[in-house]
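Here is what each chain is made of, one letter per residue.
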Amino acid sequence: MSTPPRRRHSPAVYRRRRLALLLILLLVAAAVAVLIWQPWRTAASDPDPSGSALAAPTDTATPGATASGTPQSTPTPSGTATVAEACNGRDLIVEAVTDKDSYGAGELPQLSISLTNDGETDCLIDVGTATQRFVITSGSDEWWNSAHCQIESANQVETLTAGQTVTTVEPIVWDRTRSSTETCAEGEDRPSAPGGGAYYNLTVTIGGITSDDKAFELR
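It should be emphasised that the depicted structure is a prediction, and the values quoted were computed from it without experimental measurement.

### A look at the overall build of the protein
1) Next: Broken down by element type, the protein carries one helix and 13 strands.
2) Next: Secondary structure elements of the protein, listed N to C terminal, follow the sequence α-β-β-β-β-β-β-β-β-β-β-β-β-β.
3) Next: For the protein, the residues scored as buried account for 24% of the 219 residues in total.
4) Next: Across the protein, contacts joining residues at least 24 apart in sequence account for 64% of those joining residues at least 6 apart.
5) Next: Carbon and sulfur atoms make up 55% of the accessible area of the protein, which amounts to about 16000 Å² in all.

Here you go:
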């Protein structure tokens, strides 16, 4: 028996099928787009509005404290930090210091400076060798001046806290001779200061402030 010939549909039927298939594809694409893009999603439907999952903290940190509980200083807002000002001479105490009050024959006096901030606030002062001077006199006669043969000098601005006292790190040794700018060469002969119970006075200057006299004896 022969197979009857297959019935061919009209072109209109094929067009309707293609249109139906196209509509189905469009509906699927629209549904996928709705699932991906949801601009109306709110915090009520999303625990994290930012879209990033956040881990719950295991411990609550206290402001101004480390994890161990040690307090930390709170940073000072920019522009409000306190800056120390130059020291006021009325708040500074400068004293001339000798290691002894009386020196036997051959003993060399060691000279130092003591500087105290007697004010209530920290302040800045130049304590460098450029501002230091030691002067030894006998009556009105200047016997020795540390500036006469000073080779190098430097500035050194430091903060002196309220109530702080600082002293010379390395004392200056006076060789018991008279100084002048003409006798700075090594081996230059200088007159020796008389002893035998003679008294001398030491004054020191630092940061533009001069001390009172400090008397000592050469025996």
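### Focus: the side chain of Ser-114
1) Next: Relative to the helices and strands, Ser-114 resides in strand 4 (residues 110–117).
2) Next: Among the residues examined, Ser-114 registers a relative accessible area of 7% and is labelled buried.

### Things to note about the sheet that holds strand 8 (residues 157–160)
1) Next: Spatially, 1-5-8 is the arrangement adopted by the three strands of the open sheet, whose pairing is mixed. Among the strands making up the open sheet, the edge pair consists of strand 1 (85–86) and strand 8.
2) Next: In terms of strand pairing, strand 5 (residues 123–126) meets strand 8 through four bridges, oriented antiparallel. If you follow Cys-123 over to strand 8, its bridge partner there is Leu-160.

### As for the pattern of salt bridges
1) Next: Tallied over the full model, the rule gives three salt bridges.
2) Next: For Asp-141, the salt bridge identified is with Arg-178, shortest N-O distance 2.9 Å. Placement of the pair is Asp-141 in strand 7 (residues 141–145) and Arg-178 in the loop between strand 10 (172–173) and strand 11 (198–206), with a sequence separation of 37 residues.

### Quick notes on the state of the cysteines
1) Next: Enumeration according to the criterion identifies two disulfides in this entry.
2) Next: Note that Cys-87 is cross-linked by a disulfide to Cys-123, the S-S spacing being 2.0 Å. The S-S bond linking Cys-87 to Cys-123 shows a torsion near 85 degrees; that makes this disulfide right-handed. In this pair, Cys-87 sits in the loop between strand 1 and strand 2 (92–98) while Cys-123 sits in strand 5, placing the two residues 36 residues apart along the sequence.
3) Next: Its relative accessible area of 6% is what places Cys-123 among the buried residues.
4) Next: Across the disulfide from Cys-149 sits Cys-184; the S-S distance is 1.8 Å. Torsion about the S-S bond of the Cys-149 and Cys-184 cystine: about -85 degrees, corresponding to left-handed handedness. Of the two residues, Cys-149 is situated in the loop between strand 7 and strand 8 and Cys-184 in the loop between strand 10 and strand 11; the sequence distance between them amounts to 35 residues.
5) Next: The class for Cys-149 is partly exposed, based on a relative accessible area of 28%.
6) Next: Here the cysteine-cysteine linkages of the protein are recorded as 1-2, 3-4, numbering only bonded cysteines and doing so in sequence order.

### Some points on the packing of aromatic side chains
1) Next: Scanning the entire structure with this criterion turns up five aromatic pairs.
2) Next: Each ring, one from Tyr-103 and one from Phe-216, has its centre 6.0 Å from the other, and the planes form 90 degrees; the classification is edge-to-face. Residue Tyr-103 is found in strand 3 (residues 102–103), and its partner Phe-216 is found in strand 13 (residues 214–218); the two are separated by 113 residues along the sequence.
3) Next: Given a relative accessible area of 0%, Phe-216 falls into the buried group.

### A short note on the nonpolar core
1) Next: Judged by nonpolar contacts, the single largest core of 25 residues is most densely connected at Leu-115, Ile-136, Trp-174, Tyr-200, Leu-202 and Phe-216.
2) Next: Looking at this core, the elements that each hand over two or more residues are strand 2, strand 4, strand 5, strand 6 (133–138), strand 7, strand 11 and strand 13.
3) Next: For this core, the element with the most residues is strand 11, which contributes four residues.
4) Next: Leave out the neighbours within four places in its chain, and Ile-136 touches Leu-111, Asp-141, Glu-142, Trp-143, Trp-144, Trp-174, Tyr-200, Asn-201, Leu-202 and Phe-216.

### Concerning the confidence of the model for the protein
1) Next: On average, residues of the protein score 76 in pLDDT, and 63% of them are at 70 or above.
2) Next: Across residues 30–77 the pLDDT falls below 50, and counting only partners more than four positions away or on other chains, this stretch makes 14 contacts in the model.

About the criteria used
- All residue numbers refer to positions counted from 1 along the written sequence of the respective chain.
- In view of the model being predicted, local features appear only for residues whose pLDDT reaches at least 70, and side-chain atom pairs are presented and counted only at 80 or more, with totals across whole chains, interfaces and linings using the full set of residues.
- Excluding hydrogens and water, the side-chain values take into account all heavy atoms of the structure.
- Only runs of H or I of at least four residues qualify as helices and only runs of E of at least two qualify as strands under DSSP, and these elements are numbered from the N terminus.
- Here's how the labels work: a residue is buried when its accessible area is under 20% of the maximum for its type, exposed when over 50%, partly exposed in between, all with a 1.4 Å probe on protein chains only.
- The contact rule is simple, with two residues in contact once any of their heavy atoms fall within 4.5 Å.
- In these tables, accessible area is a Shrake-Rupley quantity obtained with a 1.4 Å probe, and a residue counts as shielded only by the protein chains included in the view.
- A pair of strands is labelled paired if DSSP reports no fewer than 2 bridges between them.
- Each salt bridge in this description consists of a side-chain nitrogen of Lys or Arg and a carboxyl oxygen of Asp or Glu lying within 4 Å of one another.
- The definition used for a disulfide is geometric: two cysteine sulfur atoms within 2.5 Å.
- Only the six-membered ring of Trp is used, alongside the rings of Phe and Tyr, when aromatic pairs are assigned; centres must lie within 6.5 Å, and planes under 30 degrees apart are stacked while those over 60 apart are edge-to-face, with the rest tilted.
- Nonpolar core, defined: a set of buried Ala, Val, Leu, Ile, Met, Phe, Trp, Tyr and Cys residues in which side-chain atoms within 4.5 Å join the residues together.
- Per residue, pLDDT measures the predictor's confidence, with a range of 0 to 100.

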